[in-house]
Amino acid sequence: MAGARPGVHLVKLKPVVVSEGLIKGNKFIKWDDDSTVGTPVTLKVDSRGFILFWKDQHKPEKDMDCLEIALIRDTRTGRNARTPKDPKLRDTVNMGSTDIPLEDKTVTICYGTDLVSLNWVNFTSNAREVAREWTDELFKCATNLLRLNASPLTFLEKAHNKLSLVLSGDGKIPVRNILRMFAAHKDDKKRVEKALEAASLPAGRNDAIPPSKFTFEDLMRFYRHLVFRSEVDKIFHSLGAKKKLYLTASKFVELF
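My aim in this report is to walk through the structure given alongside it, one point at a time. (Residues numbered from 1 in each chain as written. Predicted model: local features only at pLDDT ≥ 70, side-chain atom pairs only at ≥ 80, totals over all residues. Heavy atoms only, no water.)

The next point concerns the packing of aromatic side chains. According to the stated counting rule, one finds 5 aromatic pairs in the structure shown. Measuring from ring centre to ring centre gives 6.5 Å for Phe-182 and Tyr-223, while their planes differ by 55°; the resulting arrangement is tilted. Highlighted residues: Phe-182 in helix H6 (residues 175-182) and Tyr-223 in helix H8 (residues 216-227), separated in sequence by 41 residues. In this structure Phe-182 comes out as buried when scored by relative accessible area, which is 17%. By relative accessible area, which is 22% here, Tyr-223 ends up partly exposed. (Phe/Tyr/Trp six-rings, centres within 6.5 Å; stacked < 30°, edge-to-face > 60°. Helix = DSSP H or I, 4+ residues; strand = E, 2+ residues; numbered from the N terminus. Buried < 20%, exposed > 50% of the residue type's maximum accessible area, 1.4 Å probe, protein only.)

Written out as structure tokens, the structure is:
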């Protein structure tokens, strides 16, 4: 092409757009290679495309489970999807029309912290179209270049989304989830508990916080006590100079 510079390729970075179907969610049967029975779940993605989370339909009192979309390495349906080897499990997870092959209704997700230590989880729906939508849309979210090169502040937003969405059976944020997220080692536990207390938040392992009492501003206050570094204060001070600090997740993103 005339005028083009050799070896230079322009890539347009586009923000993650989560389809309405994934936000509203669908019913699936979850299973993995070690399963003996399938688990009926409601599967959803948060509106920012950070977290894949699901709730056991038969055990509403049970805590939610989740998977960070950034850890997803591949999504598959059709002939590349996994199907149960156990005939009984195969019958258990098969929903919808029996005329549609099981693999065409299944979403197989490969995930891991690297490309060597990989894990697999499977969700079987009742329709080929549902499986295809989830396979395609999850892969788009997981491989979005803008998200893969996000700022550290975006990762804090992801932390808030995860804590606010993956709730206990009574609809609250378990403090143990906060400890699990921020205490990398046993020695860190006390430091996290002290930061929660300093931010006027419950700090006991068996305590829980209503989502309405854990805004993005609350997370920032806790994080500043936890990290206690001048760089963090400088970041938020400079943000305040740009705008009046609307510290909700949606407004926070607008600053970048």
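Still more to cover.
So, about the nonpolar core. It is characteristic of soluble globular proteins that their nonpolar side chains tend to be buried jointly. Formed by 24 residues in total, the largest nonpolar core has its most connected members in Ile-178, Phe-182, Val-192, Leu-196, Phe-214 and Phe-222. Of all the elements in the fold, those that place two or more residues in this core are helix H5 (152-165), H6, helix H7 (189-198) and H8. Ranked by the residues each element gives to this core, the list is headed by H8, at 5 residues. Beyond its immediate stretch of four places on either side in the chain, Ile-178 contacts Leu-163, Ile-173, Ala-183, Val-192, Leu-196, Ile-209, Phe-214 and Phe-222. Of all hydrophobic cores here, the second largest spans 23 residues; its members include Val-41, Ala-131, Trp-134 and Ala-142. (Core = buried A, V, L, I, M, F, W, Y, C linked by side-chain atoms within 4.5 Å. Contact = heavy atoms within 4.5 Å.)

Taken residue by residue, a regular strand's side chains alternate between the two faces of the sheet. Examined bridge by bridge, strand S1 (residues 26-31) and strand S2 (residues 39-45) share 5 bridges and lie antiparallel to one another. Counted as the bridge partner of Lys-30 is Thr-39 from S2. Summarising the sheet, S2 and strand S3 (residues 51-56) pair through 5 bridges and their orientation is antiparallel. Paired with Leu-43 across the two strands is Trp-54, which belongs to S3. With antiparallel pairing between neighbouring strands as the criterion, S2 and S3 make up a hairpin whose turn holds 5 residues, including Gly-49 at a positive phi of roughly 75°. (Pairing = 2+ DSSP bridges.)

To continue, consider a nonpolar patch on the surface. A cluster of nonpolar side chains, namely Leu-13, Leu-145, Leu-146 and Leu-148, defines an oily patch on the protein surface of about 340 Å² accessible area. Structurally, Leu-146 can be placed in helix H4 (residues 145-148). When its relative accessible area of 36% is taken as the criterion, Leu-146 is described as partly exposed. (Patch = residues over 30% accessible without salt bridge, like charges linked within 9 Å, V, L, I, M, F, W, Y side chains within 5 Å. Areas by Shrake-Rupley, 256 points an atom, 1.4 Å probe, with all protein chains shown as cover. Salt bridge = Lys/Arg side-chain N within 4 Å of Asp/Glu carboxyl O.)

Here the focus is the environment of Pro-211. Locating Pro-211 in the fold gives a position in the loop between strand S9 (208-209) and H8. For the pair Pro-211 and Leu-163, spaced 48 residues apart in sequence, the C-alpha separation works out to 8.5 Å. Contact partners of Pro-211, with chain neighbours within four places excluded, come to Ser-164, Leu-167, Gly-171, Lys-172 and Ile-173.

Right, let's get into the packing of H7 against H8. The contact between H7 and H8 brings their axes to 8 Å, and the two run at 135°. What the angle tells us is that H7 and H8 run oblique. Relative to H8, H7 is oriented so that their crossing is right-handed. Between H7 and H8, the residues in contact are Arg-191, Val-192, Ala-195, Leu-196 and Ala-198 and Phe-222, His-225 and Leu-226, respectively. When its residues are assigned to classes, the contact of H7 with H8 shows 6 nonpolar, 1 polar and 1 charged. (Axes fitted to C-alpha atoms, helices over the stretch in contact; angles between N-to-C directions. Parallel < 35°, antiparallel > 145°, perpendicular 65-115°, else oblique. Left-handed = near helix turned anticlockwise from the far one by under 90°. Nonpolar A, V, L, I, M, F, W, Y, C, P; charged D, E, K, R; others polar.)

Side chains carrying opposite charge are able to pair once their charged atoms draw close together. One pass over the structure, following the stated rule, counts 11 salt bridges. With a closest N to O distance of 2.7 Å, Glu-157 and Arg-48 form a salt bridge. Here Glu-157 is found in helix H5, whereas its partner Arg-48 is found in the loop between S2 and S3, with 109 residues between them in sequence. Take Arg-48: its relative accessible area is 24%, and that puts it in the partly exposed class. Note that Asp-188 and Arg-191 form a salt bridge whose closest N and O atoms lie 3.9 Å from each other. Assessed through its relative accessible area of 15%, Asp-188 is described here as buried. Among the ionic contacts, a cluster of salt bridges with common partners joins Glu-68, Lys-158 and Lys-162.

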